[in-house]
Amino acid sequence: MDKTAASAYIYAKVCGMLSKSYIGERANKLFSAKSLNELWGLLFSEEVPAIPETLLAKQIEKVAEKKFISEYIKLISCYSKPSQILLNLLRFYDYENIKEIGAALCFKEEKMPEIIDIGSFSEINYKAWPDIAKMTENSAFSWYNKIPSIHEQQANDIRLDQQYVFELGKSIRSLPSAERKIALTLFREEYILKNIVWAMRLRVYYGMEKEDILPRLAYASESHDVDDEIAGSAIKILEYPIDSYSEWADWRYKDLLNPNEEGVVWNLDPRWVESEARKLDNRIAEKMFHRYPDSVAVLICFFKIKSHELDCIRSMTESLRMNIERGE
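These remarks concern the structure in this document. (Residues numbered from 1 in each chain as written. Predicted model: local features only at pLDDT ≥ 70, side-chain atom pairs only at ≥ 80, totals over all residues. Heavy atoms only, no water.)

1. Describing the overall build of the protein chain
Item 1. Helices and strands together make up the secondary structure of the protein chain, namely 13 helices and zero strands.
Item 2. The helix and strand sequence of the protein chain, counted from the amino end, reads α-α-α-α-α-α-α-α-α-α-α-α-α.
Item 3. Here the C-alpha coordinates of the protein chain stretch approximately 55 × 50 × 45 Å along the principal axes.
Item 4. The buried share of the protein chain, reckoned over its 328 residues, is 46%. (Helix = DSSP H or I, 4+ residues; strand = E, 2+ residues; numbered from the N terminus. Buried < 20%, exposed > 50% of the residue type's maximum accessible area, 1.4 Å probe, protein only.)

Here is the structure:
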């Protein structure tokens, strides 16, 4: 299909898909499921597999993710030459797979870990396992060419995250002017929030100081300072106390913070902030989806919205498996 026809077809197709997805008001059906069997029935037409509950929880997550990836691949395949930004979104899974492979080799595992298959769009030669150099040869990961030690593996994961953000930025800058502005709007806020949550986690859970956190953030430029457009907001809060709500009163994203109850000791909760940040990012994607039906925004928003749906499915499978109340 030529680009105009493909865009029209994709927009119509995605509208139909999202109308059946468990987002917005329909998400309440997802969170009303009383058992993993009921959740399976909501999500899939196939019969519930006769496996233990723990395995069923993982199977639901796996099948939901596989279905989403398959749908996305079919959609971008409508273009004779998809925009690089759309390919880079899919190759997020290559980055996650390399992390898993690096960890498996680091711990001397003989069997290749389960990978997320993106078919012909993958740059990794999985058949070359366990030769990491051959697996990554002639790919964006060619620098990852030896089995890492534990410390190297952690450093490699950070480098992979930063590389992914850099590649996304490069593909956004290569878009035509109008689409570039749209894509920047969709991704800038997402990575500002991801950096903020990551910085909070490193401070609260690992007790890291500013100088240890800075190299672990994702940056839009090589300046790596407070003026960076996606890391700057995270750098600023590295000086904020994590046990004093009042000190955050003028923070731009204060609405994402866990509530402060009078008479109760407040401590920053990165999990709460992450949950609220994901909701905010999803609301932005839902608004942008219909606003630009003839642009890359359609598939970018589809990817973001369906990724959020997957997060909700994972939350639900875990809560059902562990008998956690819906409110929690």
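Structure shown, so let's carry the discussion forward.
2. A look at the nonpolar core
Item 1. Judged by nonpolar contacts, the single largest core of 103 residues is most densely connected at Y72 and L299.
Item 2. No other element matches the 13 residues that helix 13 (residues 297-321) contributes to this core.
Item 3. Not counting residues up to four positions away in its chain, the partners in contact with Y72 are L86, L89, L90, L299, F302 and F303. (Core = buried A, V, L, I, M, F, W, Y, C linked by side-chain atoms within 4.5 Å. Contact = heavy atoms within 4.5 Å.)

3. Looking at the packing of aromatic side chains
Item 1. Counting across every chain of the model gives 14 aromatic pairs.
Item 2. Centre to centre, the rings of F92 and Y93 are 5.3 Å apart; their planes meet at 75°, and the pair counts as edge-to-face.
Item 3. Its relative accessible area of 29% is what places F92 among the partly exposed residues.
Item 4. Taking the centre distance of 4.7 Å and the plane angle of 80° together, the rings of Y95 and F141 count as edge-to-face. With a gap of 46 residues between them, Y95 in helix 6 (residues 92-106) and F141 in the loop between helix 7 (132-136) and helix 8 (150-173) connect regions that are remote in the sequence.
Item 5. One aromatic cluster in this structure is built from F92, Y93, Y95, F141 and Y164.
Item 6. The ring of F187 has K304 lying over it, and the distance from NZ or CZ to the ring centre is 5.2 Å. (Phe/Tyr/Trp six-rings, centres within 6.5 Å; stacked < 30°, edge-to-face > 60°. Lys NZ or Arg CZ within 6 Å of the ring centre and 35° of its normal.)

4. With respect to the layout of surface pockets
A probe as big as a water molecule, rolled over the atoms, marks out the empty space that is left.
Item 1. Of the voids in this model, the second largest pocket is the one considered here, and its volume is about 320 Å³.
Item 2. Considering the residues around the second largest pocket, the lining is formed by 17 residues, among which K20, S21, K67, E71 and K306 are closest to the centre.
Item 3. Split by residue class, the lining of the second largest pocket holds nine nonpolar, two polar and six charged. (1 Å grid on protein atoms, 1.4 Å probe; cavity = no way out; pocket = protein on both sides within 12 Å on 5 of 7 lines; lining within 4 Å. Points joined across faces, edges and corners; volume = space filled by probe spheres on them. Nonpolar A, V, L, I, M, F, W, Y, C, P; charged D, E, K, R; others polar.)

5. Looking at a positive patch on the surface
Item 1. Residues K13, K20, K67 and K74 make up a contiguous surface patch of positive charge.
Item 2. With respect to the helices and strands, the residue K20 is situated in the loop between helix 1 (3-19) and helix 2 (27-31). (Patch = residues over 30% accessible without salt bridge, like charges linked within 9 Å, V, L, I, M, F, W, Y side chains within 5 Å. Areas by Shrake-Rupley, 256 points an atom, 1.4 Å probe, with all protein chains shown as cover. Salt bridge = Lys/Arg side-chain N within 4 Å of Asp/Glu carboxyl O. Lys, Arg positive; Asp, Glu negative; His and termini not counted. Charge placed at Lys NZ, Arg CZ, Asp CG, Glu CD.)

6. Some thoughts on the side chain of T136
Item 1. Tracing the backbone shows T136 in helix 7.
Item 2. Looking at T136, its side chain comes within polar contact range of the main-chain oxygen of F141, at 3.5 Å.
Item 3. Excluding anything up to four places from it in sequence, T136 contacts I98, F141, S142, Y144 and N145. (Polar contact = N/O pair within 3.5 Å; in protein donor to acceptor, adjacent residues only side chain to side chain.)

7. So, unusual backbone geometry
Item 1. Of note, the amide linkage connecting W129 to P130 takes the cis form, showing an omega dihedral of 5°.
Item 2. Relative to the assigned elements, P130 resides in the loop between helix 6 and helix 7.
Item 3. Positive phi, close to 60°, is recorded for K108, a residue that is not glycine.
Item 4. One non-glycine residue, N138, lies in positive phi territory at about 60°.
Item 5. Turning to its location among the elements, N138 is positioned in the loop between helix 7 and helix 8.

8. A word on helix 8
Item 1. Taking 1.5 Å as the rise per residue, helix 8 with 24 residues should run 34 Å; its terminal C-alpha atoms sit 35 Å apart, in good agreement.
Item 2. Turning to helix 8, its buried residues number three or more, namely Q153, N156, D157, L160, Q163, Y164, V165, L168, G169, S171 and I172.
Item 3. Buried-residue contacts for helix 8 involve helix 5 (84-90), helix 6 and helix 9 (177-206). (Expected span 1.5 Å × (residues − 1).)

The values reported here are purely geometric and, on their own, carry no functional implication.
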